[in-house]
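# Survey of secondary and tertiary structure
Here's the letter readout for the chains.
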Amino acid sequence: MKPIYQRLNLFIAGHDVYTFAPVEPLGAQSLTIHRSTGDIVLNPPNTPIPPGATRYEKTVYGIVGMISLALSEYVIVLTGREHRARFMGHDVYRAAEFDVLPLNPNVFAQSAPHPVEGHLLALVRSHLSAGHFLFSYEWDLSTRLQAQWSDRNSNREMPLWEQADDRFFWNKFLQSRLIDTDIAQDLSPYILPLVYGTFDIRTSYVHGHRVQLCLISRRSRYRAGTRYFRRGIDHDGHVANFNETEQILLVEEQAAGRISKVENFSHQLSFVQIRGSVPVFWAEINTLRYKPDLQIMDLEDTVDALRRHLEEQVSIYGEESLINLVNQKGYERPVKEAYERTVNQAEIADVKYQYFDFHNECKNMRWDRINVLIETMQDDLLKQGYFYLDMSHPDPVKTQQGIVRTNCMDNLDRTNVVQAALGKWTLNHQLKALGVLAEGEELDDFHSLSRDFRELWADHADLISKAYAGSGALKTDFTRTNKRTKMGLLEDGYKSVMRYVRNNHFDGSRQDGFDLVTGAWTPQKNPITAVSLLADTRPLVIRSVPYVVSFSLFMICAGLTLPRASNYSLLYYFMLWSVVAVLAITFMMIYGIEYVSWPRLIPLTDAVYYEGPGFRSANHGKGLKFAHQFGWSGQVFLENGAMMGRKRTLTVTKMEEIEMGNKQRVD
C-alpha cells in the first residue's frame, strides 16, 4: 500500500496551475491541477516547480477533495490538524482547519462574484467547520477491527481509500474527481479518506495489566442530515442518523508498568453496535411548537425498503437484534406501531425484535432498570459475542457473530444510555475472560477504569448529538456518574431549549450543507437561475409579523423608562403593546411552517404536504382556512379545505430542479 503524503507544499503559478509537492519523501511525484481546464496531472519524480510559482502560506496536510459549484470548481485542502492519539502504532488526527481554493481565476473564494456562489461556498465552509472529521494516514479508521482482519490479505496492496467502508467514507463524493480518473491508483497517496464521527482512547492499569479502552463512532454518509429534516428511511434502504460504534479493548499479556510504551498489544478485542432511525417512512414537521407534527407515510414500498435495510445489516454483521425504545403511549406510539407492523410483514430471517419501554421502566430516575433489558437480551448477547484476537494465535479466538441495533425517536439520548450499558456489560465479560478481573469483581470496583469508561461514552454521546440535533446529549449525567441528578435534569432542560431553537431556526442551512458536501444535491453551472436559494418569496404580511413582535417588545421595554404619575398612568400603554405582541406571536404560531428555517436545496414538500395513507398527529402551522382563501400564505385550497398549492419556499418546480441542481447522488 502506498502511504498517504502527510505534508504537502502548495505552489500557485499565477492563474494557471496548483502544484502539490510532498515534503517527504524528497523527489516524490507532485500533483498538478490546471485551473483553466480542471485537468489533474501526476508529474514524473523530481519534476521542478513551475517557474514564478509562489508557495502557499500554509502547509497542506491533505487534499479533502474537489467540489463544483455554480461558477467554479474548488479544491478543498486540509490546513490544520489536531493529533488525537496514537492507536495500535498509528496516529489518529482530527481535521481542524480547511481552505477552499477556486480553480476559476476570476473567482475569489473570500469574495464570490455572485450571491448564489457566495451562499454555496458558505454552506461548504460551515459544514466543514462544524463537523467532527477524523483521519489517519496509515490506518483504516472507517472499518471495524474484525472486518480489517478478515480482509487483511486482499487489502494488503490496496490503497487506503479502496479499503475504506463506503458507508463511512464521508468525503467520497468530494474525492470522486480523483477517484474517477484513469490514474486513480497512482493518485492514491493524495486521496485522504475522512470519517465523520468520534474517537477517544484512555489508558488504565488493573492488577498490573496495562489496559487501553477506545471508542470509535462512524456516521453514514447516506441519508445524512439534521434531526427533523432527516428521519426514517429512503427508498434505497438507507436510514437517517446511522452510526456504527466500536468499543475496542487492548490488553498487554503481562504487567508492563506505568511507563510502558508498547503499542502492539497482545490482546485486541472489539464490540460493535449500530444505531439508526426507525426504518419506515416518517417525518416530524416543524411548526414552531415544541412538539412537531408527526407524519407517518404508508407507502407501497415501505416493507421493501425496510427489508433492504435490514438484509444489508445482516449481510455485513450477521444476526441482528433490534431494540426499540420508542414510547408505547402518547405522541410516539404511532411510530412504534408502524415499526412493529412493518418488521412483522418483512419476515426477515436472522432478525429479532425486542421492545423496551424505556421511560416507563426507568421512571423516577430508576436507571438501574436497564438491567432488565440486558437480562432479557443476555442469551442473544452471549451468542453474538465479540471479536477477540490473541496475537500469539494465527486465528481469532472469537468473532462477533451478530449485532445489536438500537433506536429511539432521535437515536440519541435513550439510545446512548442503552448502548453504554451494553458496552459495560460486554467489557466486564471481556476483562473476566482475559483474567484481568477475577470472578466477583466488576468494572465499577476500579475507579480509574470505570471513570474512563463513563467519560468515553458521555463524550461520544455529546458529539453524536451535536452533529444531529445541534446540542449535547441528554441524560449524560447518568453515563458520567452512574446516577441521575437534579443538576443533570436542569442541564437537560437547557439543552432541550437549545435544540428547539436550532432545529426550528438554524437547521435548514445545516441540512443544505450536508446535502451539498455529500453529493445528495449538485448545482448547475448557472447561478442566475438559482436565485430562489436566496430570495424570500413569502407574502409581505408573513414577513412583517416578526418585526411587529420585535417592535412591540421594544416599546414595552421603552415604557419601563418613562416617568409616571401613578401606578396606573401607563397601564393602557403596556396593555396596548402587550396585546399587539400577543396577537403577532399567535399569528406566527398559526402560520408556524412559514417561520421555520427549511432546507432549500432538497425541500421537504413531500413530507410536509403528504396526503396519502398513513398517520398525521395534527396539521398545525398551516394557517386559517379563510386566510388561505385570501392568499395570505401563498397556498390555494379547495372548497373543502384540501390543499392544492404548495408553499413557494418549500417547493421546487421541475424546471427549477433542472436549473438549480440535481438532487440525485452522483457517486
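Computed from a predicted structure; not experimentally measured.

Criteria and cut-off values
Residues numbered from 1 in each chain as written. Predicted model: local features only at pLDDT ≥ 70, side-chain atom pairs only at ≥ 80, totals over all residues. Heavy atoms only, no water. Core = buried A, V, L, I, M, F, W, Y, C linked by side-chain atoms within 4.5 Å. Buried < 20%, exposed > 50% of the residue type's maximum accessible area, 1.4 Å probe, protein only. Helix = DSSP H or I, 4+ residues; strand = E, 2+ residues; numbered from the N terminus. Contact = heavy atoms within 4.5 Å. Disulfide = S-S within 2.5 Å. Expected span 1.5 Å × (residues − 1). Pairing = 2+ DSSP bridges. Axes fitted to C-alpha atoms, helices over the stretch in contact; angles between N-to-C directions. Salt bridge = Lys/Arg side-chain N within 4 Å of Asp/Glu carboxyl O. Lys, Arg positive; Asp, Glu negative; His and termini not counted. pLDDT = per-residue confidence, 0-100. Phe/Tyr/Trp six-rings, centres within 6.5 Å; stacked < 30°, edge-to-face > 60°. 1 Å grid on protein atoms, 1.4 Å probe; cavity = no way out; pocket = protein on both sides within 12 Å on 5 of 7 lines; lining within 4 Å. Points joined across faces, edges and corners; volume = space filled by probe spheres on them. Nonpolar A, V, L, I, M, F, W, Y, C, P; charged D, E, K, R; others polar. Parallel < 35°, antiparallel > 145°, perpendicular 65-115°, else oblique. Left-handed = near helix turned anticlockwise from the far one by under 90°. Bend = angle between axes of the 7 residues up to and from the residue.

## Description of the nonpolar core
Nonpolar side chains in soluble globular proteins generally cluster together in the buried interior. Judged by nonpolar contacts, the single largest core of 41 residues is most densely connected at Ile-76, Phe-98, Leu-120 and Leu-516. Of all the secondary structure elements, the ones that give two or more residues to this core are strand 6 (62-68), strand 7 (73-87), strand 8 (90-102), helix 1 (115-130), strand 9 (133-135) and helix 14 (507-517). The greatest single-element share of this core, amounting to 6 residues, is contributed by helix 1. The contacts of Phe-98, once residues within four sequence positions are left out, are Val-64, Ile-76, Val-77, Leu-78, Thr-79, Leu-128, Phe-133 and Leu-194. The next biggest cluster of nonpolar side chains, apart from the first, holds 32 residues, and it includes Val-239, Val-272, Ala-283 and Leu-288.

## What to know about the state of the cysteines
If you walk through the whole model with that rule in mind, you get 0 disulfides. Among the cysteines around Cys-408, which has no disulfide bond, Cys-362 carries the closest sulfur, lying 12 Å off. Cys-408 sits in the buried class, given a relative accessible area of 2%.

## A closer look at helix 6 (residues 302-317)
Here helix 6 spans 23 Å end to end across 16 residues, near enough to the 22 Å set by a 1.5 Å rise per residue. Gly-318 sits one or two positions beyond helix 6 and adopts a positive phi of about 100°.

## Examining the sheet that holds strand 15 (residues 293-297)
Within the open sheet, the 3 strands sit side by side as 14-15-21. Their pairing is antiparallel. Where the open sheet ends on each side, the last strands, each with one partner, are strand 14 (282-285) and strand 21 (614-616). Each neighbouring strand pair of the sheet contributes to a mean axis angle of 15°, computed without reference to strand direction. Bridge count between strand 14 and strand 15: 4 bridges; the pairing is antiparallel.

## Things to note about the environment of Met-1
By the secondary structure assignment, Met-1 is in the segment before strand 1 (8-13). Under the relative-accessibility criterion, Met-1 is labelled partly exposed at 37%. Spatially, the C-alpha atoms of Met-1 and Asp-390 are 25 Å apart, while their sequence positions differ by 389 residues. Setting aside residues no more than four positions away along its own chain, Met-1 makes contact with Glu-138, Arg-156, Glu-157, Met-158, Pro-159, Leu-160 and Gln-163.

## Topic: the pattern of salt bridges
The full count for this structure, using the stated rule, is 36 salt bridges. Among the salt bridges present, the one from Glu-82 reaches Arg-84, with a minimum N-O distance of 3.4 Å. Among the residues examined, Glu-82 registers a relative accessible area of 30% and is labelled partly exposed. For Arg-84, a relative accessible area of 31% gives the class partly exposed. The residue Glu-252 makes a salt bridge to Arg-210 at a minimum N-O spacing of 3.1 Å. A residue pair is termed long-range when its members are at least 10 positions apart, and Glu-252 in the loop between strand 12 (243-251) and strand 13 (267-275) and Arg-210 in strand 11 (residues 209-219) qualify at 42 residues. In the salt-bridge network here, residues are joined through shared partners; they are Asp-200, Arg-202, Arg-451, Asp-452, Glu-455 and Asp-459.

## Looking at the pairing of strand 3 (residues 31-34)
Direction of pairing for strand 2 (residues 17-22) relative to strand 3: antiparallel, over a ladder of 4 bridges. Looking at strand 3, one finds that Thr-19 is bridged to Thr-32. Where strand 3 meets strand 4 (residues 40-42), 3 bridges bridge the pair, whose relative direction is antiparallel. From the neighbouring strand, Leu-31 faces strand 4, where its bridge partner is Leu-42. The antiparallel hairpin formed by strand 3 and strand 4 contains 5 residues in its connecting segment, where Gly-38 sits at a positive phi of about 80°.

## Looking at the side chain of Asp-357
Structurally, the position occupied by Asp-357 is in the loop between strand 17 (351-355) and helix 8 (358-361). For the buried Asp-357, no salt bridge exists, and the shortest N-O distance to an oppositely charged side chain is 6.5 Å, to Lys-329. Contact partners of Asp-357, with chain neighbours within four places excluded, come to Asn-327 and Gln-328.

## A few points about the confidence of the model for the protein
Model confidence for the protein is summarised by a mean pLDDT of 89, while 91% of its residues fall at 70 or above. Scored below 50 in pLDDT, residues 651-659 makes 17 contacts in the model with residues more than four places away or belonging to other chains.

## What to know about the packing of aromatic side chains
For the coordinates displayed, the defined rule picks out 21 aromatic pairs. With centroids separated by 5.3 Å and ring planes inclined at 70°, the aromatic side chains of Phe-87 and Trp-139 adopt a geometry described as edge-to-face. Of this pair, Phe-87 sits in strand 7 while Trp-139 sits in the loop between strand 9 and helix 2 (145-150), and the two are 52 residues apart along the sequence. Side by side, Phe-87 and Trp-139 carry an identical accessibility label, which is buried. Judged by centre distance (6.5 Å) and plane angle (10°), the rings of Phe-168 and Phe-242 are stacked. One end of the pair, Phe-168, is in the loop between helix 4 (160-163) and helix 5 (176-179); the other, Phe-242, is in the loop between strand 11 and strand 12, and 74 residues separate them in sequence. On the basis of relative accessible area, Phe-168 is assigned to the buried category, the value being 0%.

## Brief notes about the sheet that holds strand 4
Reading across from one edge, 4-3-2-1-5 is the order of the 5 strands in this open sheet, with antiparallel pairing throughout. The open sheet is flanked by strand 4 and strand 5 (54-55), the only strands paired with a single partner. One ladder, built from 6 bridges, connects strand 1 with strand 2; its direction is antiparallel. Paired with Leu-10 across the bridge in strand 2 is Phe-20.

## Digging into empty space enclosed by the protein
Overall, the coordinates contain 8 cavities of 30 Å³ or more when judged by the stated rule. Roughly 80 Å³ of internal volume is contained in the second largest cavity. Looking at the lining of the second largest cavity residue by residue, the classes come out as 3 nonpolar, 5 polar and 2 charged.

## Thoughts on the side chain of Asp-413
With respect to the helices and strands, Asp-413 occurs in helix 10 (residues 413-434). Among all residues touching Asp-413, those that are not within four sequence positions of it are Cys-408, Ala-473, Leu-474, Lys-475 and Arg-499.

## A look at the packing of helix 9 (residues 370-384) against helix 10
Where helix 9 meets helix 10, the axes come as close as 11 Å, and the angle between the chain directions of the two elements is 55°. As judged from the angle between their axes, helix 9 and helix 10 are oblique. For the pair helix 9 and helix 10, the sense of crossing is right-handed. Contacts from Ile-370, Leu-373, Ile-374, Gln-378, Leu-381 and Leu-382 in helix 9 reach Val-417, Val-418, Ala-421, Leu-422, Trp-425 and His-429 in helix 10. For the contact of helix 9 with helix 10, a count of residues per class yields 10 nonpolar, 2 polar and no charged.

## So, helix 9
With 15 residues, helix 9 extends 20 Å from end C-alpha to end C-alpha; this agrees with the ideal 21 Å at 1.5 Å per step. At Met-377, helix 9 shows its largest kink, close to 60°. Those residues of helix 9 lying buried are Ile-370, Leu-373, Ile-374, Met-377, Asp-380, Leu-381 and Gln-384. A positive phi of about 70° marks Gly-385, the residue just after helix 9.

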